[in-house]
Amino acid sequence: MNKTSLCFDVVVRNPKGLHLRAINTLVEAAARFESIILLQKDAEQADCASVFSLMTLGAEQGTQLKVMIDGEDATPAAAAIQHLFENGFYELDEA
Amino acid sequence: MLELHGIPVSSGVAIGPALVLDPDGYSIPRCTIKRSDVADEIERLQQAVASVARSLEESRARTSAKMGNSTGEIFAAQLQMLRDPRMMAELQRRISQLQHSAAYSVSQVLHNYAETMRRLKSSLLAERADDVLDIERQLLFALGAVTTNPLKDLSAPVIVLSNSLTPSETANLDRRFVLGFCTETGGPGGHTAIVAKGLELPAVVGIGPFLGRVGEKTQVIVDGDRGRLVLDPDKKTLQEYRIGQEQQRIFARSLEQLRDCPAETVDGAHVLLNANIEFPYEVASCLERGADGIGLYRTEFLYLSSDSEPSEEDHYRAYSQVVQAIGDRPVVIRTLDLGADKMGSRPLVDRENNPFLGLRSIRLSLKNQDLFRPQLRAILRAAVHGDVRMMFPLITTLAELRQARMLVNVIAEDLLEEAIPHRRDIPIGMMVEVPAAVLMLDRFVQEIDFLSIGTNDLVQYTLAVDRSNEYVADLYQSSDPAVLRLIKHSVEVAATANVPIAVCGEMSSRPARALLLLGLGVRSLSVPPNALPKVKKAIRSVSISECQEMAARAMTLESAGEVDLFLAERLRKLVPELTIP
């Protein structure tokens, strides 16, 4: 497989934002792929392999994030990440 | 050897090994390691991570089974933190490149994460900072770097070095082992400083960041006279300080002979020399040093040194202990002065933007009568045992004074009805520590039995300087001409109305300033017990006319600096023994 780079925007939809549980889900999802998955908020970048970098990003509901994925399985990884954000980390009915 | 400077808040010299506290109250070893040990140290770190991960897995299994998955999720999240590749990389970088010990690296890295999270606007994550600190603590335990609170189980003498110490932490220091302390933050008039004086612990505050430069067990010297902290002193410095300590001891012993002499000037003017205390046990040292009485009994310690709210009986027991110990000498009990930098276990006020201008002291007491009433009852009850006087702090308006006095009357009625022994005819006084009270003093004197000038707060409110803020510490001077004018005015008003007036702030404990106060007409001073001998020595070395000349000249000067220079020069002439080299 070839190395692919993908870049797209997502919005944090769940009311609690990227808090502990959502981060946990995100890190677990990202760990299933070889690709490096980065989130960018303004000038700050977070690595989806690192809980601490996601926690210190502090993305609340409504925040727009740029997702950058680099690696051989970038395409399925992008689908998985997009799915999580679109479904608000399965927390949308909790509001 | 490294010499650092800060604000001297409690006099004396202490020499001993350092005990460094981090903000959570346990000590972090700020150690570096040998280059050859880097691999071993990384190995140690990995083992610690593995062992904490194991115990988290166990906790998760246990709690998930018992309380469902949501509690277990906390542990799952902590496990994720522990496995964070970036954290691991950063820790290894610090160990291999900076040669920091594993424990030091852990405390630095995780503290940074927690700090960043605390600053986030999203409160949900900000609260999670505690989880990060929790991981830090577990790792440090696994590394064998911390035991429990190092202040709780001391067994050898130490000098406590810390970013800050709260008044209650200071009050709880184990006096058998803590020789002195230094903090990075803090100002000259903060409550921590006052507690340090009460404990007679040499202390220097507001040094600025220095903890990163102190290793475990580093030998340090705290010089509470000159505001100096010496790390790793060389032989010569150590020797000088040891000799200095010895000379101090000899001088202190020579002052002991003054114990039974009256505080009288050479031309026979008698000065009442009382003591300020914070803890009942201090009465013993007051008597040893020949105090005329207790001029200021601060009652907050009951709140600061206990986790639970003190009851009326707790108050009563403490006051009775003081009153009975001091015999027939007077005791001025100041009612609660809580708030701002003095907070007990129960939060009495929400976060205030300007706590020193907020709900503190008498204002807080009048608003929280469930807190104030037990104290007033206890004071009236303890008054049957001796010469008790009651004093209200921070009175700003006549209405406050009237409201407080009315409450005392109501309390006395209650006690009478309940047939509980008490005295209701005790003298009632107020602190003069707000410029508004000074300006209205001609009205206050018509309704009050005695006055006491609290210079600590008077300086703060006159000069608009937060007394616990090290950044403006240089402005915080009781020798400022503006403060001197307010004192002079107060003394004159009191004299005209024939109301006794004392000065009980820290100002009166500095011999040169004490003499200046005599020159301004003050005849009653109240000082920390360890200042009694030197202030008495100063009083007995001068005549009132010399003090008056001193005051007349000081009142013509324009700045605190000029006043201090002049006073220092006069003190050198009049009482050379008291000059600190």
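This structure is a prediction, so every number in the text was calculated from the model and none was measured. (Residues numbered from 1 in each chain as written. Chains lettered and ligands numbered in written order. Predicted model: local features only at pLDDT ≥ 70, side-chain atom pairs only at ≥ 80, totals over all residues. Heavy atoms only, no water.)

A. Seen up close, the sheet that holds strand β3 (residues 13–20) of chain B. Residues and elements named next belong to chain B. Pairing is mixed in the open sheet, where 8 strands are placed in the order β1-β8-β7-β3-β4-β5-β6-β2. Unpaired on one side and paired on the other, β1 (2–5) and β2 (7–10) mark the two borders of the sheet. Pairwise comparison of adjacent strand axes, ignoring direction, gives a mean angle of 30° for this sheet. In terms of strand pairing, β1 meets strand β8 (residues 228–231) through 4 bridges, oriented antiparallel. Paired with Leu4 across the bridge in β8 is Leu229. Strand contacts of helix α8 (residues 191–199): β2, β5 (178–183) and β6 (203–205), with the helix running at about 50° to β2, the strand carrying the most contacts. Contacts from helix α9 (residues 235–256) reach β3, β7 (219–223) and β8 within the one sheet, and its direction differs from that of β3 by about 125°. (Pairing = 2+ DSSP bridges. Helix = DSSP H or I, 4+ residues; strand = E, 2+ residues; numbered from the N terminus. Axes fitted to C-alpha atoms, helices over the stretch in contact; angles between N-to-C directions. Contact = heavy atoms within 4.5 Å.)

B. Broad picture of the pattern of salt bridges. Residue and element names in this part refer to chain B. Evaluation of the coordinates by the stated rule reveals 34 salt bridges over all chains. Residue Arg334 is joined to Glu300 by a salt bridge in which the shortest nitrogen-to-oxygen separation is 3.3 Å. Taken together, the residues Arg334 in strand β11 (residues 331–334) and Glu300 in the loop between β10 (294–298) and α11 (301–304) connect sequence positions 34 residues apart. Across the pair, exposure class does not vary: Arg334 and Glu300 are buried alike. A salt bridge links Arg467 to Asp457, with the nearest nitrogen and oxygen atoms 3.3 Å apart. Placement of Arg467 in the loop between α18 (455–463) and α19 (481–497) and of Asp457 in helix α18 is noted, with a sequence separation of 10 residues between them. Each of the salt bridges in this network shares a partner with another, and the network as a whole consists of Glu300, Arg334, Asp337, Arg360, Asp457 and Arg467. (Salt bridge = Lys/Arg side-chain N within 4 Å of Asp/Glu carboxyl O. Buried < 20%, exposed > 50% of the residue type's maximum accessible area, 1.4 Å probe, protein only.)

C. Representation of the domain arrangement of chain B within the structure. All names here are of chain B. Along its sequence, chain B is organised into domain 1 (2–27 + 149–250), domain 2 (35–142) and domain 3 (271–527). Computed over C-alpha atoms only, the centres of domain 1 and domain 3 are separated by 28 Å. Facing the 21 residues of domain 1 at the interface are 20 residues of domain 3. Overall, the association of domain 1 and domain 3 removes approximately 1,600 Å² of surface from exposure, summing both partners, and the carbon and sulfur fraction of that is 56%. At the boundary of domain 1 with domain 3, the tally comes to 2 salt bridges. A salt bridge links Lys197 to Glu506; the shortest N-O distance between them is 3.0 Å. At the boundary of domain 1 with domain 3, the tally comes to 5 residue pairs in polar contact (both at pLDDT 80 or more). (Domains from an automatic or database assignment. Buried area = accessible area lost by both parts, 1.4 Å probe. Polar contact = N/O pair within 3.5 Å; in protein donor to acceptor, adjacent residues only side chain to side chain.)

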